[in-house]
Amino acid sequence: MKKPLGVLFDYGDTILQINTPDWIPASGKLLEYAENPTGLSAEALQAMADHINHEFEPRRNESMIEQDVMTFYRLLFDTAGISLSIGFDEAARIGWQAAYRLTPEDGVREMLDTLKKHGIKTGIISNSAFPGTILMEELGKHGLADSFSFAVVSADYGIRKPHPRIFEIAARKMGLEPKDIWFAGDKPQYDIIGAAGAGMFPIWYNTDGETYDHGCDCLEVKTWQEFVRVIESF
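Residues numbered from 1 in each chain as written. Predicted model: local features only at pLDDT ≥ 70, side-chain atom pairs only at ≥ 80, totals over all residues. Heavy atoms only, no water.

1. Examining the pattern of salt bridges
Applied cut-off: In the sections that follow, a salt bridge refers to a side-chain nitrogen of Lys or Arg positioned within 4 Å of a carboxyl oxygen of Asp or Glu. Per-residue accessibility, obtained with a 1.4 Å probe over protein chains only, is compared with the maximum for each type, and a residue is labelled buried under 20%, exposed over 50%, and partly exposed between these values. Helix and strand assignments follow DSSP, with helices taken as H or I runs no shorter than four residues and strands as E runs no shorter than two, numbered in order from the N terminus.
Going through the model one piece at a time under the given rule, you end up with 13 salt bridges. Put simply, Glu 32 and Lys 29 hold a salt bridge, and the shortest N to O gap is 3.5 Å. On the basis of relative accessible area, Lys 29 is assigned to the partly exposed category, the value being 35%. Residue Arg 160 pairs with Glu 66 through a salt bridge whose shortest N-O separation is 2.9 Å. Of this pair, Arg 160 sits in the loop between α7 (154-157) and α8 (164-174) while Glu 66 sits in the loop between α2 (42-63) and α3 (69-80), and the two are 94 residues apart along the sequence. The class of Arg 160 is buried, set by a relative accessible area of 5%.

In structure tokens:
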């Protein structure tokens with residue numbers, strides 16, 4: 001294991017902790033911008049959204065193909081016979097703000113400051129139906145946006161981790177060879193397997209002490225403070 005020239009990070013439950021999203025308020029908020037001739041309630045609209053998600057979610061994971069939230073909202077509202085007075089990009093922002101409550105992971109600021117001190121480049125790769133602009137705006141609310149040079153988000157590219165191409169794109173944006181990059185994430189089936197397959201060194205951010213037979217060389221840390229000690233050891 002050698003000192004990295006760059007470190008890429010997963011987003012949710014790695015940099016920002018994601019509390020369980022509440023989609024009914026999000027549906028209700030979007031209905032404020034809707035022509036709703038049948039008077040569909042937020043609960044009924046969300047039930048329709050859940051049914052559509054149930055149809056697509058297994059295929060989404062198996063195929064490693066992403067359906068972005070703007071396309072999903074177009075499908076949902078046209079299925080419901082509802083028209084919006086706002087664009088689907090704005091609907092995505094309103095939905096995110098109404099549904100999600102995020103907080104920085106413990107120790108993440110110190111960890112990012114340590115990487116900056118050592119001149120180690122940083123970026124994000126995230127599986128998210130929401131676009132990178134919204135994810136970066138959320139980081140900005142917590143004073144973390146300037147810590148990352150870029151975010152490669154599946155919604156913007158149509159492919160999901162562990163597909164190697166999304167890692168290759170991030171490596172190119174970072175201007176480094178994959179062998180000189182570490183990738184840290186909390187979900188081994190996407191993050192560890194994907195990073196190793198792309199030639200990066202995986203870091204499993206395993207806060208719950210879970211077990212997973214990932215079958216590759218990786219570093220496991222339970223806290224960002226532990227990761228800082230590894231970086232400082234170089």
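2. Some words on the nonpolar core
A general trend in soluble globular proteins is that nonpolar side chains are found buried together. Test applied: Grouping buried Ala, Val, Leu, Ile, Met, Phe, Trp, Tyr and Cys residues that are joined through side-chain atoms within 4.5 Å yields what is termed a nonpolar core. Note on contacts: a residue pair qualifies if any of its non-hydrogen atoms lie within 4.5 Å across the two residues.
Judged by nonpolar contacts, the single largest core of 60 residues is most densely connected at Phe 9, Ile 15, Tyr 73, Met 111, Leu 139 and Phe 227. Looking at this core element by element, the count peaks at seven residues for helix α4 (residues 88-99). Each residue touching Leu 139, except ones within four places of it in the same chain, is listed here: Tyr 11, Ile 15, Leu 16, Ile 124, Leu 144, Ala 145 and Phe 148. Of all hydrophobic cores here, the second largest spans 17 residues; its members include Phe 167, Ile 169, Met 174 and Ala 195.

3. Topic: the state of the cysteines
In plain terms, the rule: Throughout, disulfides are identified as pairs of cysteine sulfur atoms within 2.5 Å of each other.
Taken as a whole and judged by the stated rule, the model has zero disulfides. Of all cysteine sulfurs in the structure, the one in Cys 218 sits closest to Cys 216, which takes part in no disulfide; the separation is 5.4 Å. On the accessibility criterion, Cys 218 (18% relative accessible area) is buried.

4. Details of the pairing of strand β6 (residues 121-126)
Going by this rule: Following DSSP output, two strands are said to pair if at least two bridges run between them. When the strands point away from the viewer, a crossover counts as right-handed if the path from the first strand over the helix to the second runs clockwise.
Burial runs high along β6: five of the six residues are buried. In terms of strand pairing, strand β1 (residues 6-9) meets β6 through four bridges, oriented parallel. When the bridges of β6 are listed, Gly 6 appears paired with Lys 121. One ladder, built from three bridges, connects β6 with strand β7 (residues 151-153); its direction is parallel. Note that in β7 the partner of Ile 124 across the bridge is Ala 151. In this view, the connection linking β6 to its parallel neighbour β7 by way of helix α6 (residues 132-141) has right-handed handedness.

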